[in-house]
Amino acid sequence: MYFDFLESPVQNDIKKSIKALKAMIKKDKNFFDPYITLYEYYLMDRDFKNAIKIIEQGFQRAIDLIDKDGKFPDVLNWGFVENRHIIRMIFNFAMFIWVNDDDKEIALNIFMELLKANPNDNIGARYSIVAILEGFESQDALEEKFESKDGMGMDIMALERWFNKAAQKHMDVIGWWFEF
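Residues numbered from 1 in each chain as written. Predicted model: local features only at pLDDT ≥ 70, side-chain atom pairs only at ≥ 80, totals over all residues. Heavy atoms only, no water.

Asks: Pulling in residues and values, what's your account of the environment of Tyr-35?
Replies: If you trace the backbone, Tyr-35 turns up in helix 3 (residues 33-44). In the structure, Tyr-35 is positioned 19 residues away from Ile-54 in sequence and 6.2 Å away in space, judged by C-alpha atoms. In contact with Tyr-35, not counting residues within four places along its chain, are Ile-25, Lys-29, Ile-54, Gln-57, Gly-58, Arg-61 and Met-89. Of the polar contacts made by the side chain of Tyr-35, one reaches the backbone oxygen of Lys-29; its length is 2.8 Å. (Helix = DSSP H or I, 4+ residues; strand = E, 2+ residues; numbered from the N terminus. Contact = heavy atoms within 4.5 Å. Polar contact = N/O pair within 3.5 Å; in protein donor to acceptor, adjacent residues only side chain to side chain.)

Asks: Can you break down a negative patch on the surface residue by residue, with the values?
Replies: There is a patch of like negative charges on the surface, built from Asp-140, Glu-143, Glu-144, Glu-147 and Asp-150. The residue Glu-147 is located in the loop between helix 8 (139-145) and helix 9 (156-168) in this model. (Patch = residues over 30% accessible without salt bridge, like charges linked within 9 Å, V, L, I, M, F, W, Y side chains within 5 Å. Areas by Shrake-Rupley, 256 points an atom, 1.4 Å probe, with all protein chains shown as cover. Salt bridge = Lys/Arg side-chain N within 4 Å of Asp/Glu carboxyl O. Lys, Arg positive; Asp, Glu negative; His and termini not counted. Charge placed at Lys NZ, Arg CZ, Asp CG, Glu CD.)

Asks: I'd love a proper account of a nonpolar patch on the surface, names of residues and values included.
Replies: On the surface, a cluster of nonpolar side chains totalling about 230 Å² of accessible area is made up of Leu-43, Phe-48 and Ile-52. Its place among the elements puts Ile-52 in helix 4 (residues 48-66). A relative accessible area of 36% means that Ile-52 is categorised as partly exposed. (Buried < 20%, exposed > 50% of the residue type's maximum accessible area, 1.4 Å probe, protein only.)

Asks: Could you give an account of helix 10 (residues 171-179), naming the residues involved and the relevant values?
Replies: Listed as buried for helix 10 are Ile-174, Gly-175 and Trp-177. For helix 10, the arc enclosing every buried residue in end-on projection is 155 degrees, short of the 170-degree limit, so these residues lie on one face. Away from its buried face by more than 90 degrees, helix 10 exposes Asp-172 and Glu-179. (Arc of directions from axis to C-beta.)

Asks: Give a detailed account of helix 9, specifying residues and quantitative values.
Replies: Helix length check: helix 9 (13 residues) gives 18 Å between terminal C-alpha atoms against 18 Å at 1.5 Å per residue, within 8%. For helix 9, every residue scored as buried is listed here: Ala-158, Leu-159, Trp-162, Phe-163, Ala-166 and Ala-167. Around the axis of helix 9, the buried residues are gathered within 145 degrees of arc, so they sit on the same side. Turned more than 90 degrees away from the buried face of helix 9, the exposed residues are Met-157, Arg-161 and Lys-165. The opening residue of helix 9, the one whose side-chain oxygen lies 3.3 Å from the backbone nitrogen of Met-157, is Asp-155. (Expected span 1.5 Å × (residues − 1).)

Asks: An account of the nonpolar core is needed here, citing residue identities and associated values.
Replies: Ranked by internal contacts, the top residues of the largest apolar core, which has 59 residues, are Ile-90, Phe-111 and Trp-162. Examining the composition of this core, we find that 11 residues originate from one element, helix 5 (residues 84-100), more than from any other. Once residues lying within four places of it in the same chain are set aside, the contact partners of Phe-111 are Phe-91, Ala-94, Met-95, Trp-98, Ala-125, Ser-128, Ile-129 and Ile-132. (Core = buried A, V, L, I, M, F, W, Y, C linked by side-chain atoms within 4.5 Å.)

Asks: For the packing of aromatic side chains, give the residues involved together with the corresponding values.
Replies: In the structure shown here, the tally under the stated rule is 14 aromatic pairs. Arranged with centres 5.5 Å apart and planes meeting at 40 degrees, the rings of Phe-32 and Tyr-35 form a pair that is tilted. For the pair Phe-32 and Tyr-35, one class covers both residues: buried. Ring geometry for Phe-146 versus Trp-162: centroids 5.4 Å apart, planes at 50 degrees, classification tilted. Of this pair, Phe-146 sits in the loop between helix 8 and helix 9 while Trp-162 sits in helix 9, and the two are 16 residues apart along the sequence. Residue Trp-162 is classed as buried on the basis of its relative accessible area, which comes to 14%. In this structure an aromatic cluster arises from ring pairing among Tyr-39, Phe-59, Phe-93 and Phe-96. (Phe/Tyr/Trp six-rings, centres within 6.5 Å; stacked < 30°, edge-to-face > 60°.)

The quantities given are spatial measurements derived from coordinates; they are silent on function.
Below you can see the structure in the form of structure tokens.
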């Protein structure tokens, strides 16, 4: 249903999209991609109250789903396809906290938990960790800094060079990852 929505003409209409995504969430409260997309539509609609509410709600449900006696799980592998929507939800919430909270430690801790649980880091939490430590204000700011000259996404080689150099200054926080 969600993936059909992404390819449908409905996704071009903010109000209809919000309605469709809310229906998807109502049908399956534990599939998190619609929460993330609904959050983005609320932002486009300038409905910040509901945007905050849905991103927090999705994050809390995701955490409740994976909670191991009040702790983040030791393993949350991207390779297990059923985990991907959960990882995306947690990552998106961490990005939300990063840009909206004066205390970047919360976002940093969430990214660290994601990286520890999935050291292959398919989602790129390591870049966000180092970006926070380097004083970037958001994921958008990081992506803008490394946008390719042709405007076709990020210059991955430049990002890697930056990461490898910047991470050296923060080995106390991220050094373990290099040993993985």
